[in-house]
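Listed here are the chains, written in short residue letters.
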Protein chains: 2
Amino acid sequence: MLSKSSKYAIRAVLYIANNTSEKKKIGSKEVAETLEIPAPFLAKTLQELTKAEIISSMKGPNGGFYLTDKNEQKSLFDIIDCIDNAHKFEECFLGQLECNDDKPCVVHHIYKPFKIELIENLKTKSILEMAKEYAKNNNLNAIIR
Amino acid sequence: MLSKSSKYAIRAVLYIANNTSEKKKIGSKEVAETLEIPAPFLAKTLQELTKAEIISSMKGPNGGFYLTDKNEQKSLFDIIDCIDNAHKFEECFLGQLECNDDKPCVVHHIYKPFKIELIENLKTKSILEMAKEYAKNNNLNAIIR
DNA sequence: TCTAAAACATGATATAAATCATATTAAAAG
DNA sequence: CTTTTAATATGATTTATATCATGTTTTAGA
C-alpha cells in the first residue's frame, strides 16, 4: 500500500515530534539508527519533507530536524502525499479498471469502508495528536516543553 | 498491497471461471486482450497457477486454460499465496518493526479489523462463489454448463 | 504423419524503487 | 576567520518488479 519511503517518513516524523523541540534538534543519522532505517535514504526523505514545509531543519553544529508549531498541525496524509502521491488510494484493491459502488470488485464492500476511515484518520488528526497517541500506545514519555 | 501479478492473476482467474468449461477452454492471449493485461506477462502468471494446480490447462489446438471442479474450490487467497506470498499481510501498515495490540502503530486499530475481514473473505469463499458474485455485481451472464 | 495451435520454459530487457556515495553549503563556536 | 558539524544537492548503484522475446513441446485434426 504505502511505499517504504512513506512508511519511513511517517515513523521518522512521529519520532521527531516526540523527541525534539526548536531548542533541541536531532540529526537524521540518529533517527535512522534508532528506527533502523537506512541512513542516507532517510536523509533524502527528510529533505523532501523539509522542502514541503512539513518539518523544519537547521544546518550547522547543533543543527538537525525539528518541528515548529505550524509543522505539528500538518497531517500524516500530508506526508504520504508529499512522498508517494495520494492518488494511490483511489485505485481498486484488485486493480480493476472500473470499480465503484455500481460495478464493484469482489472485495470492494470490504475495502471501501476501510479506506474511508483510514483517510479520514490520516487527514484530520495532526502530527502532534498522532505523536501523542503513539507515545501513549507505547508507554513512552513524550518530551515536555 | 497486492503486486500487479496477483491482481492480474485474480482478475484472470475470475474471468476464466465465468467464461470457460472443460469443453470450452480459453487462450491466455484472449484473456489478456479482454482484461487489458500485458499478454506475455499474463501467460507466465497463468503457468505458475497451473503448476500450483489452481487452474488447469491443455496444450494444442483448442487448448487453453479452464477450471476443473476441484480448481473452483480453491480460493483467491490461494492465488495470492501462489503469486506473491501471503506473509505480506502480517506486516504493519506503517512498517513498524513491532506492531500489535499491546504496542500498536497509530492506525493499527483501523487496519487490523480490515485485515481480518479481508483475509477471512479471501480464504473462505471459493473461486466459484467469487466468480458468481462478480458476475452478479457486474450484470454479466455467467456461463451455463 | 504432417501441420498448426497453444501451452511451456527460459532468459533478456526495461522501469521503478530502494540504497549508497560524494561533494557542497550553511551555521555555530572557539 | 577557521574549524567543525550537519543539512543539502546530485548522482551512481543495486535490487525488485514488470514487461518483452524466442524457442520447445504437446496435442488435435486433416
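We now turn to the structure provided with this report. (Residues numbered from 1 in each chain as written. Chains lettered and ligands numbered in written order. Predicted model: local features only at pLDDT ≥ 70, side-chain atom pairs only at ≥ 80, totals over all residues. Heavy atoms only, no water.)

**Notes on the packing of aromatic side chains**
Right, on to step 1. If you walk through the whole model with that rule in mind, you get 13 aromatic pairs over all chains.
Right, on to step 2. Note on Phe114(A) and Phe93(B): the rings are 6.4 Å apart at their centroids and 80° apart in plane angle, and the pair reads as edge-to-face. With one member in each of two chains, Phe114(A) in helix α6 (residues 108-124) and Phe93(B) in the loop between α5 (76-83) and α6 (108-124) form a pair that bridges those chains.
Right, on to step 3. On the basis of relative accessibility, which here comes to 5%, the residue Phe93(B) falls in the buried class.
Right, on to step 4. Ring plane angle 45° and centroid distance 6.0 Å describe the contact between Phe114(A) and Tyr111(B), whose orientation is recorded as tilted. Here the residue Phe114(A) occupies a position in helix α6, and Tyr111(B) occupies one in helix α6, the pair thus bridging two chains.
Right, on to step 5. Classification of Phe114(A) as buried rests on a relative accessible area of 4%.
Right, on to step 6. Ring-pair connections join several aromatic residues into one group, and the members of that group are Phe93(A), Tyr111(A), Phe114(A), Phe93(B), Tyr111(B) and Phe114(B).
Right, on to step 7. Against the face of Tyr66(B) rests Lys25(B), its NZ or CZ located 5.1 Å from the ring centre.
Right, on to step 8. If you follow Lys123(B) out to its NZ or CZ, it ends over the ring of Phe77(B), 4.7 Å from the centre. (Phe/Tyr/Trp six-rings, centres within 6.5 Å; stacked < 30°, edge-to-face > 60°. Helix = DSSP H or I, 4+ residues; strand = E, 2+ residues; numbered from the N terminus. Buried < 20%, exposed > 50% of the residue type's maximum accessible area, 1.4 Å probe, protein only. Lys NZ or Arg CZ within 6 Å of the ring centre and 35° of its normal.)

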